[in-house]
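The lines below spell out each chain.
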Amino acid sequence: MDVKDNIVSSESLVQFSLEYGLLRRLEEIHIPTYAEYAQVDFLYTIETYYEGFHQIFTDASKSRDGVGCAFHDPSTNINRKFRLNNHHSVFTAELFSIFKSLEYVEEKYQEFASDKILILSDSRSCLSSLSILRLDYTFTIIHKYILETLAKLKSWGLQVHFLWVKSHVGIEGNEVVDELAKQASRMDIVECRIYSPRDLIPHIKSTMFAKWEGIYNTQTKAKHYKSIQPIPVKHPWFNNKQFTRSINEEVESRDFVRVISRLRSGHTICPKYLHQIRKKTDNLCDCGEIGDLEHIILRCSKNRRNLETTIINICSILKTKYPFNLSSIMATNNPRVYYEVYKFVKNSDLII
Ligand SMILES: [Zn+2]
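Here we summarise the structure given alongside this text.

1. Remarks on the side chain of S123
Summarising the element assignment, S123 is placed in the loop between β5 (116-121) and α4 (124-131). Reaching out from S123, the side chain makes a polar contact with the backbone nitrogen of C126 at a distance of 3.1 Å.

2. Remarks on the coordination of the zinc ion
Octahedral metal centres with six donors ideally show angles of 90 or 180 degrees, and tetrahedral centres with four donors ideally show 109.5 degrees. Only C285 (SG), C287 (SG), H295 (NE2) and C300 (SG) from the protein reach the zinc ion as donors, at distances of 2.0 to 2.3 Å. If you look at the zinc ion, its four donor atoms make angles of 98 to 118 degrees with each other, and the shape they trace is tetrahedral. Between consecutive donors of the zinc ion, the numbers of intervening residues give the motif C-x1-C-x7-H-x4-C.

3. Overview of the sheet that holds β5
Here seven strands make up an open sheet; going across it, the order is β1-β6-β5-β2-β3-β4-β7 and the pairing mixed. Bordering the open sheet on either side are β1 (29-30) and β7 (190-192), each of which pairs with just one other strand. Relative to strand β3 (residues 66-73), strand β2 (residues 54-63) runs antiparallel, the two being bridged by seven bridges. Across the sheet, D59 pairs through a bridge with A70, a residue of β3. Where α4 meets the sheet, it contacts β1, β5 and β6 (159-164), and its direction lies at approximately 140 degrees from that of β6. Across the sheet, helix α6 (residues 172-185) lies against β2, β3 and β4 (78-84), angled at about 145 degrees from β3, the strand it touches most.

4. Things to note about the packing of aromatic side chains
On inspection of all chains with the given rule, the structure shows 15 aromatic pairs. Relative to F96, the ring of F82 has its centre 5.9 Å away and its plane inclined at 85 degrees; by these criteria the two rings are edge-to-face. Of this pair, F82 sits in strand β4 while F96 sits in helix α3 (residues 90-108), placing them 14 residues apart in sequence. For the pair F82 and F96, a shared accessibility class is recorded, and that class is buried. Relative to W156, the ring of Y109 has its centre 5.4 Å away and its plane inclined at 25 degrees; by these criteria the two rings are stacked. With Y109 in the loop between α3 and β5 and W156 in the loop between α5 (141-155) and β6, this pair connects stretches of sequence that are 47 residues apart.

5. What to know about unusual backbone geometry
Among all residues except glycine, the phi angle is most often negative; among peptide bonds, the trans geometry is most common. Of the consecutive residues Y322 and P323, the connecting peptide bond is found in the cis state with omega at 5 degrees. Residue position: P323 is located in the loop between α14 (304-318) and α15 (326-330).

6. Focus: a nonpolar patch on the surface
Together, Y20, L23 and L135 make up an exposed nonpolar region whose accessible area comes to about 350 Å². Note that Y20 resides in the segment before β1. Here Y20 falls in the exposed class, since its relative accessible area comes to 73%.

7. Section: α3
With 19 residues, α3 ought to run about 27 Å at 1.5 Å a step, and its terminal C-alpha atoms sit 27 Å apart, in line with that. Most of α3 sits out of view: 14 of its 19 residues are buried.

8. Section: the pattern of salt bridges
Summed over the entire model, instances satisfying the criterion amount to twelve salt bridges. A salt bridge links K100 to E103, with the shortest nitrogen-to-oxygen separation between them at 3.0 Å. Residue K100 and its partner E103 are located together in helix α3, separated by three residues, close to a single helical turn. Given a relative accessible area of 31%, E103 falls into the partly exposed group. Here the salt bridges do not stand alone but share partners, grouping D255, R258 and K346 into one network.

9. A word on the environment of L263
Examined against the element boundaries, L263 turns out to sit in helix α11 (residues 254-265). For L263, the contacting residues outside a window of four places in its chain are H224, I228, T268, L293, I297, M330, V341 and I352.

10. Focus: the nonpolar core
Ranked by internal contacts, the top residues of the largest apolar core, which has 54 residues, are F96, L102, I146 and F162. Element by element, the count of residues in this core is highest for α3, at nine residues. Counting residues in each nonpolar core, the second largest holds 31 residues, with I228, L298, C300 and I352 among its members.

Calculation rules
Along each chain, residue indices are assigned from 1 in the same order as the chain's sequence is written. Predicted model: local features are reported for residues with pLDDT of at least 70 only, side-chain atom pairs are reported and counted for 80 or more only, and whole-chain, interface and lining totals are derived from all residues. For side-chain calculations, the full set of non-hydrogen atoms in the structure is used, while hydrogens and water are omitted. Per the convention used, a helix needs a DSSP run of H or I reaching at least four residues, while a strand needs a run of E reaching at least two, with both numbered from the N terminus. Pairs of N or O atoms are called polar contacts if they sit within 3.5 Å, as long as, within protein, a hydrogen donor faces a hydrogen acceptor (for residues adjacent in sequence, only side-chain-to-side-chain pairs). Shown as donors are all N, O and S atoms within 2.8 Å of a metal ion, widened to 3.2 Å for Na, K and Ca; because water is not in the atom set, sites may appear incomplete. Sites are called tetrahedral only when four donors show all angles between 85 and 135 degrees, square planar or octahedral only when four or six donors show opposite pairs over 155 degrees and all other angles between 65 and 115, and irregular in any remaining case. Two strands make a pair as long as DSSP finds a minimum of two bridges between them. Whether two residues are in contact is decided by their heavy atoms, any of which lying within 4.5 Å being enough. Lines fitted to the C-alpha atoms define the axes, with helices restricted to the stretch that makes contact. Angles between their N-to-C directions range from 0 to 180 degrees. Geometry of aromatic contacts follows a simple scheme: Phe, Tyr and Trp rings, the Trp one being its six-membered ring, pair when their centres are within 6.5 Å, and the pair is stacked under 30 degrees between planes, edge-to-face over 60, tilted otherwise. Remark: exposure states derive from per-residue accessible area (1.4 Å probe, protein chains only) relative to the maximum for the residue type, with buried under 20%, exposed over 50%, and partly exposed in between. Nonpolar side chains (Val, Leu, Ile, Met, Phe, Trp, Tyr) within 5 Å and like charges within 9 Å form the patches, drawn only from residues with over 30% relative accessible area and no salt bridge. For the accessible areas, the method is Shrake-Rupley and the probe is 1.4 Å, while residue cover comes only from the protein chains on display. Salt bridge, as applied in this entry: a Lys or Arg side-chain nitrogen positioned within 4 Å of an Asp or Glu carboxyl oxygen. A helix is expected to span 1.5 Å multiplied by its residue count minus one. To define a nonpolar core, start from buried Ala, Val, Leu, Ile, Met, Phe, Trp, Tyr and Cys residues and group those joined through side-chain atoms within 4.5 Å.

Rendered as structure tokens:
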């Protein structure tokens, strides 16, 4: 089944369909700081602060096997596992496990010994997103379901609190639910078909890139550019971290980016190009040779003095010998080489 089939369309954003009364800070969420954790015996804290609470542990897992989540009720020994789609983020899976645990409370609370419930999750980001509601694209339909279910449980006289617990520190309920979530990620049937925009962004990005990669690799145009950039990349050449490290000022200059981009694409104002677009009657350089880009940058006798220094510098940077051609030096993506070419263009007063 295609992802598209699982997108629920709606007339307005989900946050706008929330009742006004639900838009409040959830005081019942406690996320201890790491320092608090270091100071106290946390099991002791749970026993004292939350004495008599009915505990339910939730967790999620995302691995190569898939995405899954679960909840575990130690006092009734009821566990439930849910498989999610591979595109789901672990964040959504954590949120879904909380939602499912609340549905379970709704269904079974009359059998509980207490009307005070404590949901224990090891996802800080998930609990934070519930405590401080941000009504932007991070707000999902699962947040809405959680808030609505909580309001219903509250109206029935139940108190639901949330507590963040550290994972893998020997809290038994957390260890159990961790294993259940792993098992859930390997189950066959996908239970959750609700997507948030955040879940789909990586999928959309990789699909678009693969599509573009196909076009790039099969089309026969732009031979010059392909000789410099044989494989498609996700970021423009000037986003390369090396550039900002070595030649900061020049990289920040718009002119540097403009000149190098033009040389990489081959779209420059050289006599041959001007002739092609009928802006010049012939394709010749002032020196009498054919004025293509290769000639202007690397061969023209008019620029010999500057060119000699540039060639010596490039040879030393690349540990190579002259002759080389323009495509091969532009294909290096080497910031220092680009800087040498740029200096040459500027010192020779070339208009590129
Ligand atoms: Zn020339």
